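# Inside the fold
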Amino acid sequence: MEDYHKPDQQTVQALRNIANRLRINSIKATTAAGSGHPTSCCSVAEIMSVLYFHTMKYRPEDPRNFNSDRFVLSKGHAAPALYSMWVETGFLKESELLNLCQGLGVACGMAYTGKYFDKSSYRVYCLLGDGEMSEGAVWEAMSFASHYQLDNLVAIMDINRLGQSDSAPLQHHVEKYQKRCEAFGWHAIVVDGHSVEELCKALSQPRHQPTAIIAKTIKGKGIPAAEDKLGWHAKPLPKDMAEMVMKDLQSRIMNSSKHLYPLAPVEDSPPVSLRNIRMPSAPSYKAGEKIATRKAYGMALAKLGRYNERVVALDGDTNNLTYSEIFKNEHPNRFVECYIAQQNMVSVAMGCAARERNVVFASTLASFFTRAYDQLRMAAISESSINLCGSHCGLSTGEEGPTLMGLEDVAMFRALPTATIFSPCDGVSTEKAVELAASTKGVCYIRTSRQDCSIIYNSNEDFHVGQAKVVYQSKEDQVTVVAAGVTLHEAMAAAEQLKKERISVRVIDPFTIKPLDVKTIIDHTRATRGRILTVEDHYYEGGLGEAVSSSMVNESGFNLHRLAVSHVPRSGKPQELLKIYGIDRDSITQAVRKMLSSSTNAK
């Protein structure tokens, strides 16, 4: 490591000037917008100044350059400070600034990619607020970073003492933050967060482990009426007050002949192309063969990784349940164990996928993704492209009981605006889902089951996102049954059973529940005189039935019935549970008979 060179006085003054300009622009932007957090921006001014003009290596004209250091703003309230810094670098115009209207885990994913996948010298800096230090997700990320010795990661903690409605629990006791960080395996340095000299020195220290810069700051620094005072959080300054404060800050900016430029990055990151991530061959399953879709997922993931070096897999200590262990065994250098920390796993996945460096698949039990919903919605908001697999969905967990049954996962992912939900029913459709997810933008979710299911599709079957498959039909069909995953097999068995009673039904596999192939479903339902039955291994709320129902809101002449899990189930054998909760083949045949009987009586 290079020896630390103390910045000269001209550099120190130039950095102080930048910090005060950042304060001015943050106040200007938040006052113009009538919203925002100027006091939160003012406490980080020197931190941002030193990071962007003394420490980080990047190209301001090319913010997504893959050789550049990464900056993650976990302290979201300081967003205007970040935009102000981009004005300072020349990337944004000051006029654009006035349009203003859970990051450590993500930073971990970026740092892991830099150290182990790219093997490059870029570093990752993450700015956190002391308010978010109360969140467990932060400490999940701290644990992850020390376990994997992410010495290219620096977390800067803005300890400004005050939160939204009260003081942060540790207030300005920076030594307690230091002890906690050290207990998690980090090198922790306490600094005066408004001292340019101390920040420059701390950020230049050699690193052999992840580093936490614990910066003691004053909330609202530079705004006399708001400094270290409650009641100013999320309050932009009134116009007259803003003008007075900005005038005062401007007077503190000293003339300096020195103009600072960002340091250029080291050009040592490998170029990456994620185009045409395809399977090398068709699935090799044979008709009638049985395999659980969770195992087919693991096999498909390993196969995809065999021919694509940037496919990486993450898991939350469940790889022998989700079968991502198949990928782990074949490609150990591209497998990341995230342990039982699902929130952090999703964040790390986002970081690994950033700047289109990797195609990322993260897996755990479907029920466990509920713990990470905040991270999932942030992935959607951030337009992140990550692929998630939830195994043991529905009642298939059986004897393990309801705590491990994913019965609300479809509802959860349907609510995400960028989500694609795959619900494969056999090995062939599972392999196709993995292949399609790899090249689909946004959050992709693959729902897999525990028990073995028969192969129903030919290995050459063509699959597309948003395209349903009609798997059972005749010209005499009287009811259309839409079912996915395990219940599709129950629907097909019910169709065979009803055929013996001279009752013909049509069975549709939606393949993707979101987007739903509305046209195919409506066209075939019309062919069965408007009678449609949905069957799902999920609660009634938010699942397949509601997806079909909402697609028919503007349609007339349809008679929709739904079968789903109506209340919290108990433990039992999977097939018994399907029967008890009314989504097995017998329940389907009874529902079809009832639909036909009621329509006959109505006549």
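Cut-offs and rules
- Residues numbered from 1 in each chain as written.
- Predicted model: local features only at pLDDT ≥ 70, side-chain atom pairs only at ≥ 80, totals over all residues.
- Heavy atoms only, no water.
- Helix = DSSP H or I, 4+ residues; strand = E, 2+ residues; numbered from the N terminus.
- Lys, Arg positive; Asp, Glu negative; His and termini not counted.
- Charge placed at Lys NZ, Arg CZ, Asp CG, Glu CD.
- Buried < 20%, exposed > 50% of the residue type's maximum accessible area, 1.4 Å probe, protein only.
- Pairing = 2+ DSSP bridges.
- Right-handed = clockwise from strand over helix to strand, strands pointing away.
- Axes fitted to C-alpha atoms, helices over the stretch in contact; angles between N-to-C directions.
- Parallel < 35°, antiparallel > 145°, perpendicular 65-115°, else oblique.
- Left-handed = near helix turned anticlockwise from the far one by under 90°.
- Contact = heavy atoms within 4.5 Å.
- Nonpolar A, V, L, I, M, F, W, Y, C, P; charged D, E, K, R; others polar.
- Core = buried A, V, L, I, M, F, W, Y, C linked by side-chain atoms within 4.5 Å.
- Salt bridge = Lys/Arg side-chain N within 4 Å of Asp/Glu carboxyl O.
- Phe/Tyr/Trp six-rings, centres within 6.5 Å; stacked < 30°, edge-to-face > 60°.
- Lys NZ or Arg CZ within 6 Å of the ring centre and 35° of its normal.
- Polar contact = N/O pair within 3.5 Å; in protein donor to acceptor, adjacent residues only side chain to side chain.

Here we come to the overall build of the chain. Within the chain, the regular secondary structure consists of 22 helices and 19 strands. The C-alpha extent of the chain, read off along each of the three principal axes, is 90 × 50 × 40 Å. Of the side chains in the chain, 68 bear a positive and 66 a negative charge, and the two mean positions are spaced by 2 Å.

Here the focus is the pairing of strand β18 (residues 531-539). Within β18, nine of the nine residues are buried, which leaves the element mostly enclosed by the surrounding structure. The sheet contact formed by strand β15 (residues 479-483) and β18 spans four bridges and is parallel. The residue of β18 that forms the bridge with V482 is T534. Strand direction decides the pairing type here: β18 and strand β19 (residues 559-565), joined by six bridges, are parallel. Of the residues in β19, the one forming a bridge with V535 is L563. Assessed by its sense of winding, the connection that carries the chain from β18 through helix α20 (residues 544-551) to β19 is right-handed.

In contact at an axis separation of 10 Å, helix α3 (residues 45-55) and helix α9 (residues 196-203) are set at 50° when each is read in the N-to-C sense. Considering the angle they form, α3 stands oblique to α9. When you trace α3 past α9, the crossing you get is right-handed. Residues E46, I47, V50, L51, H54 and T55 of α3 pack against V196, L199, C200 and L203 of α9. Classifying every residue of the contact of α3 with α9 by side-chain character gives seven nonpolar, two polar and one charged.

Time to look at the sheet that holds strand β1 (residues 70-73). As a general point, the strands of a sheet are linked pairwise by backbone hydrogen bonds and lie either parallel or antiparallel. Taken together, five strands build an open sheet; the order of strands is β1-β2-β3-β5-β4 and the sheet is parallel. Both edges of this open sheet fall to β1 and β4 (187-192), since each of them pairs with a single strand only. For this sheet, the mean inter-axis angle between neighbouring strands, taken without regard to orientation, is 20°. Two elements, β4 and strand β5 (residues 211-216), share six bridges in a ladder whose sense is parallel.

Counting 78 residues, the largest nonpolar core has L104, L153, M157, L314 and F413 as the members making the most contacts within it. With sequence-adjacent residues up to four places away left out, L153 is seen in contact with L104, A107, C108, A111, V124, A145, W186, P210 and T211. F327, L436, L577 and I583 belong to the second largest nonpolar core, which has 62 residues in total.

The next subject is the pattern of salt bridges. Applying the stated criterion to the full structure yields 27 salt bridges. When the shortest N-O distance is used, the salt bridge between E330 and R306 registers 2.9 Å. Highlighted residues: E330 in helix α13 (residues 325-330) and R306 in helix α11 (residues 293-306), separated in sequence by 24 residues. With relative accessibility at 38%, the residue E330 sits in the partly exposed group.

Considering all chains together, one arrives at 17 aromatic pairs under this definition. Taking the centre distance of 5.8 Å and the plane angle of 80° together, the rings of Y52 and W86 count as edge-to-face. With a gap of 34 residues between them, Y52 in helix α3 and W86 in helix α4 (residues 79-89) connect regions that are remote in the sequence. Each member of the pair, Y52 as well as W86, is classed as buried. Measuring from ring centre to ring centre gives 5.0 Å for W139 and F184, while their planes differ by 50°; the resulting arrangement is tilted. Taken together, the residues W139 in helix α7 (residues 136-147) and F184 in the loop between α8 (174-183) and β4 connect sequence positions 45 residues apart. Taking relative accessible area as the criterion, W139 reaches 15% and is therefore assigned buried. The rings of Y52, Y58, F71, W86 and F91 are connected pair by pair, giving a single aromatic cluster. One cation-aromatic arrangement involves K469 over F463; the distance from NZ or CZ to the ring centre is 4.9 Å.

Here we take up the sheet that holds β19. What the five strands build is an open sheet, ordered β14-β16-β15-β18-β19; its pairing is mixed. Both edges of this open sheet fall to β14 (469-472) and β19, since each of them pairs with a single strand only. Strand-to-strand twist in this sheet, taken as the mean axis angle between neighbours without regard to direction, amounts to 25°. Helix α18 (residues 486-499) rests against β14, β15, β16 (505-509) and β18 of the sheet, and its axis sits at about 165° to β16. Those strands touched by helix α19 (residues 518-527) are β14, β15, β16 and β18, and its axis lies near 175° from that of β16.

Note that D130 resides in the loop between β2 (124-129) and α7. Of the side chains with opposite charge, K75 lies nearest to the buried D130, which makes no salt bridge, at 5.8 Å. Engagement of the side chain of D130 in a polar contact is seen with the backbone nitrogen of R161, the distance being 2.8 Å. Aside from chain neighbours lying at most four places away, what touches D130 is D158, I159, N160, R161, L162, A168 and Y177.

Below, the discussion takes up the side chain of D69. You can see D69 is positioned in the loop between α3 and β1. No salt bridge is formed by the buried D69. Its closest oppositely charged neighbour is R123, at 6.2 Å. Of the polar contacts made by the side chain of D69, one reaches the backbone nitrogen of R123; its length is 2.8 Å. Beyond its immediate chain neighbours, meaning those up to four positions away, D69 contacts T55, M56, K57, S121, Y122, R123, Y125 and R355.

Along the polypeptide, L577 turns up in helix α21 (residues 574-580). Overall, the relative accessible area of 0% leaves L577 in the buried class. Put simply, L577 and R377 are 200 residues apart on the chain and 32 Å apart in space, counted from C-alpha to C-alpha.

Let us look at the pairing of strand β10 (residues 386-391). Of all six residues making up β10, six are buried, and the element is well covered by its neighbours. Neither face of β10 is exposed, since I386, L388 and G390 on one face and N387, C389 and S391 on the opposite face are all buried. As paired strands, strand β9 (residues 359-365) and β10 are joined by five bridges and run parallel to one another. Bridged to L365 within β10 is S391. On the question of chirality, the crossover connecting β9 to the parallel β10 by way of helix α15 (residues 373-381) is right-handed. As paired elements, β10 and strand β12 (residues 443-447) share five bridges and run parallel to each other. Bridging across to β12, L388 finds its partner in Y445.

By themselves these figures say nothing about function.
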